[in-house]
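Fold and geometry: a report
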Amino acid sequence: DQFVSLTDNKNAYVPWAPGELVLESMPGGLKHGINYTGANEVTLVFYDKDKNGGHYDYCYAVGDFSEWERRSEYAMKRDEAAGCWWGTITVEDPSKEYRFQYRMGKGEEEIRVQDPYSEIYYNGDDHWISSSTYPELPAYPEGARGFIGAFQIEKPSYSWQHDNFKIEDEDDLVIYELLLRDFSATGDLNGAMAQLDYLEDLGINAIELMPIQEFEGNDSWGYAPVGYFALDKAYGTREMYKKFIDECHKRGIAVIVDVVYNHLTGNNAFDKMYSLNNNPFFNAEAPHPYSVFEDINHENEVIVNHIKRSLSYLLTEYKVDGFRFGLTKGFTNNKSTESTASNYDADRVAILKGYNDHIRSVKEDAVVILEHFCSDSEEKELGEV
């Protein structure tokens, strides 16, 4: 072997260090997530407080506006009282969609996290989605890692044609459970739309869509959710989802969405941030015998409000007519109730009633269905709500 000594004057290593942490209270009226606060600005708010009250040392918003680099102008401020990072971003083109994520660090550890309130997610699996299913899907950006969200100040609007649809009798529903992946040759919303005549001829008056909120991969039943606001691109665009629901309403068919609020996968933003033993959003050990993925702590105010906001979003943005909640026997943190799938659990009843009350406050006539096989008394009480 021969060795030659070289001096690299072009690519010298320059150590990076975060700027000084700025502690400042947020302006009033902001919510967790993406806040559209001006004609060409958004204010991002991201909650970061672990079970012991700790948080990351820094948080930077990175994205198309920063070439995915940590830049001082996008260092987020810290509101200790609110437990949040926040910062305002000004963009040149309010009609453009800007993709972004958070880069957060503690010591030498750094993670990248998507905003859990983003209405759309992008990830490295997107290139497998057909252009006929999702036209003009942008390429995943260089410099990003994992799931990323996006914001768009001047979002395209959808003109609803049948936004006054009402279910005539929620006790007289003929429901067709539909998995978009398997229902048609194309396995997407385009294929399902082409089969609406067939469904109408069957005499049904409701479609229950198996989970459509962002899930792991592109080929799934949907019960491995990554987020609760973004709808999965494997079936189509946001406009296609609305057009499908609009067309169903035109035919007198209600649309009920199967939602998975019992658990989230490890790619979810809430799970990425902390170890499970130090994570306030999940139960390190599920208090019920039917745990899958990361079991949600339905007594944590932050994640409960997140779920309620996602329910409101689906009811108002997509005008869905109700929900089928999966695995509701897992909606408990009561470890003292032996075999919580069969014994009466007052905590679980209260949690489910809380979600139902919220749904009714947004859409009084919404349908709520529970996948619930528990004690007779518990089922009777919930059924009478």
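Residues numbered from 1 in each chain as written. Predicted model: local features only at pLDDT ≥ 70, side-chain atom pairs only at ≥ 80, totals over all residues. Heavy atoms only, no water.

1. Topic: unusual backbone geometry
For E67, which is not glycine, the phi torsion reads 55° and is therefore positive. Structurally, E67 can be placed in the loop between β3 (58-63) and β4 (77-79). Non-glycine residue L327 carries a positive phi angle of around 50°. Considering the arrangement of structural elements, one finds L327 in the loop between β14 (322-325) and α7 (346-362). Judged by its relative accessible area of 15%, L327 falls in the buried class. (Helix = DSSP H or I, 4+ residues; strand = E, 2+ residues; numbered from the N terminus. Buried < 20%, exposed > 50% of the residue type's maximum accessible area, 1.4 Å probe, protein only.)

2. With respect to the sheet that holds strand β9 (residues 175-178)
Judged by pairing direction, the sheet is parallel, and its five strands sit side by side in the order β9-β10-β11-β14-β15 without closing on themselves. Across the chains shown, the open sheet's two edge strands, defined by having one partner strand only, are β9 and β15 (367-370). If you compare each strand with its neighbour and ignore which way they point, the axes differ by 20° on average. When strand β10 (residues 206-209) meets strand β11 (residues 254-259), the two strands line up parallel, connected through four bridges. Bridge assignment links A206 to a residue of β11, and that residue is A254. Here helix α4 (residues 238-250) sits on the sheet in contact with β10 and β11, set at roughly 135° to β11. Sitting on the sheet, α7 touches β14 and β15, and the angle it makes with β15 is about 160°. (Pairing = 2+ DSSP bridges. Axes fitted to C-alpha atoms, helices over the stretch in contact; angles between N-to-C directions. Contact = heavy atoms within 4.5 Å.)

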